Amino acid sequence: MNVAPKLLAAAILAALSSPALAEIEFDVIGGSEISFEGLVQADYYKYNRDVAALGFTGGTTAGDGIATDFGMRRAELVLKGKGPGMWNWVIGYDARADKFLDTNVSYRFSGFTTLKVGQFKQPNSLEELSSTKNNDFIAKAMTTNLQAVARRVGASLVTGADQWSVTGSVFTRELTRNLGEGN
């Protein structure tokens, strides 16, 4: 049995299944190490016509008569800066959803104490705090989405040590108009 062609096919399939992610480090400008990240995720659906003609209108307005669909899931653009000194900042925007992502500035007082102000993810769970590019599945778990914890404008103070951390935070609405409102 020749295993090499099967391994090559598996490697190509694994490479094609990952999202398109790009991180470009620019230069040091004004004491900040500037970098740019982009994440693009798209969906393509092809309906099987073995039982019913899915997508077919059949004289109604239920379908469009096309057995395939394509859509952009995400088109995230993020500009980051480290420095000067202990300052960090980030400006993120999702062009597909037409909303701001993380847009904040933070200051690290010591190895474990950081103050962050702006829009960022509320501290809730590991799955919610992890980046979309690191998800194991297409979408997050139902329990995570059920809580509807999103990015909000706020301030947080984080401190801790090697084995523990404590976060105190307060949040209000989102930067993007007509989304997540209320404290």
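Shown above is the structure to which this text applies.
Residues numbered from 1 in each chain as written. Predicted model: local features only at pLDDT ≥ 70, side-chain atom pairs only at ≥ 80, totals over all residues. Heavy atoms only, no water.

Q: Quick question: what am I supposed to make of the packing of aromatic side chains here?
A: Where two aromatic rings form a pair, the distance of their centres and the angle of their planes describe that pair. Summed over the entire model, instances satisfying the criterion amount to four aromatic pairs. Ring centres of Y107 and F109 lie 4.9 Å apart, and the angle between their planes is 75 degrees; on these two criteria the pair is classed as edge-to-face. Residue class for Y107 comes out partly exposed when judged on its relative accessible area of 26%. You can call F109 exposed: its relative accessible area is 51%. Here the basic side chain of K116 rests over the ring of F120, its NZ or CZ set 5.0 Å away from the ring centre. (Phe/Tyr/Trp six-rings, centres within 6.5 Å; stacked < 30°, edge-to-face > 60°. Buried < 20%, exposed > 50% of the residue type's maximum accessible area, 1.4 Å probe, protein only. Lys NZ or Arg CZ within 6 Å of the ring centre and 35° of its normal.)

Q: Would you mind going over the pairing of strand β4 (residues 87-94) with me for this structure?
A: Regular strands place their side chains on alternate faces of the sheet. The pairing of strand β3 (residues 68-82) with β4 spans seven bridges and is classified as antiparallel. Its bridge partner lying in β4, G81 is registered against W89. Count of turn residues in the β3/β4 antiparallel hairpin: four residues, of which G83 carries a positive phi of about 100 degrees. Pairing of β4 with strand β5 (residues 99-108), which is carried by seven bridges, proceeds in the antiparallel orientation. Across the sheet, residue N88 finds its bridge partner in β5, namely S106. From the end of β4 to the start of β5, which pair antiparallel, there are four residues, and D98 there has a positive phi angle of about 55 degrees. (Pairing = 2+ DSSP bridges. Helix = DSSP H or I, 4+ residues; strand = E, 2+ residues; numbered from the N terminus.)

Q: Sorry, what's going on with the pattern of salt bridges here?
A: Any two side chains of opposite charge can pair, on the condition that their charged atoms come close. In the structure shown here, the tally under the stated rule is three salt bridges. Across the salt bridge formed by E37 and K80, the nearest N and O atoms sit 3.2 Å from each other. Within this pair, whereas E37 is found in strand β2 (residues 32-46), its partner K80 is found in strand β3, the two being separated by 43 residues in sequence. Accessibility expressed as a relative area gives 12% for E37, which makes it buried. Judged by its relative accessible area of 32%, K80 is partly exposed. Across the pair E76 and R74 runs a salt bridge whose closest N-O atoms are separated by 4.0 Å. An identical accessibility class is assigned to E76 and R74; each is buried. (Salt bridge = Lys/Arg side-chain N within 4 Å of Asp/Glu carboxyl O.)

Q: Would you take a moment to explain the side chain of S156 for this structure?
A: As for its position among the elements, S156 is in strand β7 (residues 151-160). Among the residues examined, S156 registers a relative accessible area of 7% and is labelled buried. Residues in contact with S156, not counting those within four places in the same chain, are T114, L115, K116, F120, T167, G168 and S169. (Contact = heavy atoms within 4.5 Å.)

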